[in-house]
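Analysis of the macromolecular model
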Amino acid sequence: MLTAMVTPFGPDGGVDYEAAARLATYLVEEQRHDGLVVNGTTGESPTTSDAEKQRLVRAVTEAVGDRAVVVAGAGTNDTEHSLKLAREAEAAGAHGLLVVTPYYNKPPQEGLVRHFTAVADATGLPTMLYDIPGRAGVPIESGTLARLAEHPRILAVKDAKGDLFGSSKVMAETGLVFYSGDDNLNLPWLSVGAAGFVSVVGHVVGADLHEMIDAHRAGDQARALRIHRRLLPVVTAIMTRTQGAIAVKAALNLLGLPGGGALRSPLVEASPEFAARLREDLTIGGVKVPEASIPEVDR
């Protein structure tokens, strides 16, 4: 059970490293997280500097690195820049790397092989590939994954492609470990052999998702299905109505947890109307929202 963690910002717009450490501690101690991904898209990595990324890895690792795995996002659409971020993440204490498919420039599959191989060669850290064609513009094809699986440090895939059948074949034919990168499909991914989740909704229901994994592994599919269905309103609220970081920070604000607050442009804060509906959906999904956090909305 891992979550792609938001990056808290202070009133001055700078990264609030103390709040990041407190959020990381909450996720590990209260929400049963086995690991955290920092400097991912939910962490607003497009708008944080290299220096901020490195310091954030260090802050989170110092807070929870003895109790949870800290995976650092190091992927960009520039191979040389990705190599730099990977080395800086390793120097900051990260336990592993998350490397997204190069986005926007839409490289061919051979370009993906060379890019991912170069990043994996740059450090001694285990590497998780992030396959998300909806953002990157290109998928990591099954044949490409099979080639990359031969690398001794490319061990896992965070999948947001949603091709359960194709990925089932990759899992059957390689040693790659798959993680659901789409909260809408968490339980289906477990059913075809995924090891767990790299979640967004785990900020607020991580313990429930951990219980779902436990139930599945114990063979109690009925219990896993009950959890899946109970969390449908939470997943709908956070994953389908606006950008994920916006929704999660709104949820953290409602719950009075660290990590909410400002977002960096071009992202914007959730509207009061969104926050009011979010509160309703969280409550339906079993999340206890403090009464004092109910936003005032003209109806």
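Residues numbered from 1 in each chain as written. Predicted model: local features only at pLDDT ≥ 70, side-chain atom pairs only at ≥ 80, totals over all residues. Heavy atoms only, no water.

Turning to the UniProt feature "binding site: pyruvate" (unreviewed entry) in the protein chain, a few remarks are in order. Those places that UniProt annotates as "binding site: pyruvate" (unreviewed entry) correspond, in this numbering, to Thr 42 and Val 198. Across 157 residues in sequence, these annotated residues keep their C-alpha atoms within 11.1 Å of one another, forming a single compact spot. Checked against the element boundaries, Thr 42 lands in the loop between strand E2 (35–38) and helix H2 (50–64). With sequence-adjacent residues up to four places away left out, Thr 42 is seen in contact with Ala 4, Met 5, Val 6, Thr 7, Val 200, His 203 and Ala 245. (UniProt positions renumbered as here; feature names shortened; annotations may be inferred. Helix = DSSP H or I, 4+ residues; strand = E, 2+ residues; numbered from the N terminus. Contact = heavy atoms within 4.5 Å.)

Turning to the UniProt feature "active site" (unreviewed entry) in the protein chain, a few remarks are in order. UniProt's entry tags Tyr 130 and Lys 158 with the feature "active site" (unreviewed entry), counted in the numbering of this structure. The named residues occupy 29 residues along the chain; their greatest pairwise C-alpha distance, 4.7 Å, places them in one compact cluster. Residue position: Tyr 130 is located in strand E5 (residues 127–131). Assessed through its relative accessible area of 9%, Tyr 130 is described here as buried. Excluding residues that lie within four positions of it along the chain, Tyr 130 makes contacts with Leu 98, Val 99, Val 100, Thr 101, Ile 140, Lys 158 and Ala 160. Here Lys 158 is to be found in strand E6 (residues 154–159). Judged by its relative accessible area of 6%, Lys 158 falls in the buried class. (Buried < 20%, exposed > 50% of the residue type's maximum accessible area, 1.4 Å probe, protein only.)

Let's shift gears to the packing of helix H3 (residues 79–92) against helix H4 (residues 109–122). Axis separation between H3 and H4 bottoms out at 9 Å; the angle between their running directions is 25 degrees. Classed by the angle they form, the pair H3 and H4 counts as roughly parallel. Handedness of the H3/H4 crossing: right-handed. Of the residues in H4, those touching H3 at Thr 79, Ser 82, Leu 83, Ala 86 and Arg 87 are His 115, Ala 118, Val 119 and Ala 122. For the contact of H3 with H4, a count of residues per class yields five nonpolar, three polar and one charged. (Axes fitted to C-alpha atoms, helices over the stretch in contact; angles between N-to-C directions. Parallel < 35°, antiparallel > 145°, perpendicular 65-115°, else oblique. Left-handed = near helix turned anticlockwise from the far one by under 90°. Nonpolar A, V, L, I, M, F, W, Y, C, P; charged D, E, K, R; others polar.)

The next thing to look at is the pattern of salt bridges. Applying the stated criterion across every chain yields a total of 17 salt bridges. As a salt-bridge pair, Arg 67 and Asp 66 come within 3.4 Å of each other at their nearest N and O atoms. For Arg 67, a relative accessible area of 38% gives the class partly exposed. We classify Asp 66 as exposed; its relative accessible area is 66%. Through salt bridges with shared partners, a single ionic network connects Glu 29, Asp 66 and Arg 67. (Salt bridge = Lys/Arg side-chain N within 4 Å of Asp/Glu carboxyl O.)

Turning next to the pairing of strand E7 (residues 177–180). Pairing between E6 and E7: four bridges, direction parallel. Each residue of the ladder has a partner; that of Lys 158, found in E7, is Tyr 179. Of the strand pairs in this sheet, E7 and strand E8 (residues 196–199) are connected by two bridges, and their pairing is parallel. Directly across from Tyr 179, in E8, lies its bridge partner Gly 196. Handedness of the crossover is the feature at issue here: the chain leaves E7, passes through helix H8 (residues 186–191), returns alongside E8, and the resulting connection is right-handed. (Pairing = 2+ DSSP bridges. Right-handed = clockwise from strand over helix to strand, strands pointing away.)

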